[in-house]
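Fold and contact review
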Amino acid sequence: MMRIGLTLSGGGARSFAHLGVLKALAELQLPLAVISGTSSGAIAAVLYGIGLSPEEIFERVTEVKFMRLIRPGFSRYGLINLSKLEETFKPVLENKTFADLNPKVIISATDINRGTSVYFSEGELIKPLVASSALPFLCQPVSYQGHLLVDGGLINNLPVECLAGYADFTIAVHVNPIDHQRDVKSLRDMVERTCQLAINNNVTPRMQACDFLIEPPPLKYYRLLDIKHAREMFEAGYEHTIELSENLLALLERHRLNV
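Read on for an overview of the structure. Here the structure is a predicted model, which means the values were calculated and not measured.

**Comments concerning the packing of helix α3 (residues 54-63) against helix α7 (residues 230-258)**
- With their axes 11 Å apart at the nearest point, α3 and α7 run at an angle of 155 degrees to one another. By the angle between their axes, α3 is roughly antiparallel relative to α7. Note on packing geometry: the crossing formed by α3 with α7 is right-handed. Two secondary-structure elements touch here, α3 through Pro54, Glu55, Phe58, Glu59 and Thr62 and α7 through Ala230, Arg231 and Phe234.
- Residues of the contact of α3 with α7, tallied by class, amount to four nonpolar, one polar and three charged.

Right under this line is the structure:
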């Protein structure tokens with residue numbers, strides 16, 4: 001049986017689209033063997049892996065008051081302590097390990113000292129998951145298993161490499177298309193555009209390594225922290241995947257015949 005792998009990019013609130021994609025893939029009855037993810041993409045992968053449906057994940061995440069998770073840390077590494085985020089995950093993840101996830105999940109984070117990606121697929125879940133979302137400068141890094149870890153998207157926002165050996169066919173979901181028609185008019189615009197351009201530079205070559213790409217165009221109109229439009233982004237991911245389903249299924253069939 002052909003093993004299908006899915007890789008989920010980071011993207012802040014835009015990652016609600018990942019849930020729509022997962023819903024569509026389930027409706028298409030495409031069994032996933034493995035999911036890799038970084039930052040918010042890793043959160044979606046893990047919550048799906050413990051058995052929550054995309055709609056259940058949506059409800060749980062949108063109930064979280066994200067501003068309450070921001071606990072000032074003021075260390076030499078970052079302004080925000082992520083201990084509150086750890087506490088948020090504990091009710092559903094405290095007694096679970098990677099071995100409890102189905103499909104298999106691989107979390108990508110960045111070792112800031114070595115400048116390399118680090119992949120986690122064994123042991124406890126919460127530390128690697130929090131580390132994968134620790135934005136440099138803003139959040140304090142996470143010290144874990146001899147690594148000083150920050151957001152995985154810093155150097156690899158589409159972790160497809162780690163699927164080698166686990167998947168015969170890879171689907172990539174990228175939620176950070178850039179609106180090239182939008183002018184930069186504020187400091188906030190400048191920060192967001194700078195981050196997008198820098199991060200997308202490490203994504204482009206990885207897209208070529210995937211067998212199929214899902215990148216919902218409407219997402220370019222939403223900001224990275226645009227929580228109030230979460231449902232619209234969810235639907236954008238779902239609808240775009242359904243639109244691509246005929247091509248996806250045909251490509252999967254050709255791949256099966258060639259294996």
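Back to the text.
**Some remarks on a nonpolar patch on the surface**
- Together, Val184, Leu187, Met190 and Val191 line one region of the surface with nonpolar side chains, adding up to about 380 Å² of accessible area.
- In this structure, valine 191 sits in helix α6 (residues 187-207).
- Taking relative accessible area as the criterion, valine 191 reaches 45% and is therefore assigned partly exposed.

**Some remarks on unusual backbone geometry**
- In this structure, proline 103 follows asparagine 102 across a cis peptide bond, with omega equal to 5 degrees.
- Checked against the element boundaries, proline 103 lands in the loop between α4 (83-93) and β5 (104-111).
- Although it is not a glycine, glutamine 29 adopts a positive phi angle of roughly 60 degrees.
- Topologically, glutamine 29 is positioned in the loop between α1 (16-27) and β2 (32-38).

**Things to note about the packing of aromatic side chains**
- This structure, assessed with the given rule, holds three aromatic pairs.
- Note on phenylalanine 16 and phenylalanine 58: the rings are 5.5 Å apart at their centroids and 65 degrees apart in plane angle, and the pair reads as edge-to-face. In this pair, phenylalanine 16 sits in helix α1 while phenylalanine 58 sits in helix α3, placing the two residues 42 residues apart along the sequence.
- Residue class for phenylalanine 58 comes out buried when judged on its relative accessible area of 7%.
- Aromatic pair phenylalanine 120 and tyrosine 144: ring centres 5.6 Å apart, planes at 50 degrees, arrangement tilted. With phenylalanine 120 in strand β6 (residues 116-120) and tyrosine 144 in strand β8 (residues 142-144), the pair connects residues that are 24 residues apart, well separated along the chain. For the pair formed by phenylalanine 120 and tyrosine 144, the shared burial category is buried.
- A connected cluster of aromatic rings, assembled from ring pairs, spans Phe16, Phe58 and Phe234.
- Sitting above the plane of the tyrosine 238 ring, lysine 23 keeps its charged end 5.0 Å from the centroid.
- The positively charged end of arginine 231 is found above the aromatic ring belonging to phenylalanine 234, 4.8 Å away from the centroid.

What counts as what
- Residues numbered from 1 in each chain as written.
- Predicted model: local features only at pLDDT ≥ 70, side-chain atom pairs only at ≥ 80, totals over all residues.
- Heavy atoms only, no water.
- Axes fitted to C-alpha atoms, helices over the stretch in contact; angles between N-to-C directions.
- Helix = DSSP H or I, 4+ residues; strand = E, 2+ residues; numbered from the N terminus.
- Parallel < 35°, antiparallel > 145°, perpendicular 65-115°, else oblique.
- Left-handed = near helix turned anticlockwise from the far one by under 90°.
- Contact = heavy atoms within 4.5 Å.
- Nonpolar A, V, L, I, M, F, W, Y, C, P; charged D, E, K, R; others polar.
- Patch = residues over 30% accessible without salt bridge, like charges linked within 9 Å, V, L, I, M, F, W, Y side chains within 5 Å.
- Areas by Shrake-Rupley, 256 points an atom, 1.4 Å probe, with all protein chains shown as cover.
- Salt bridge = Lys/Arg side-chain N within 4 Å of Asp/Glu carboxyl O.
- Buried < 20%, exposed > 50% of the residue type's maximum accessible area, 1.4 Å probe, protein only.
- Phe/Tyr/Trp six-rings, centres within 6.5 Å; stacked < 30°, edge-to-face > 60°.
- Lys NZ or Arg CZ within 6 Å of the ring centre and 35° of its normal.

Functional significance is not addressed by these values, which are geometric in nature.
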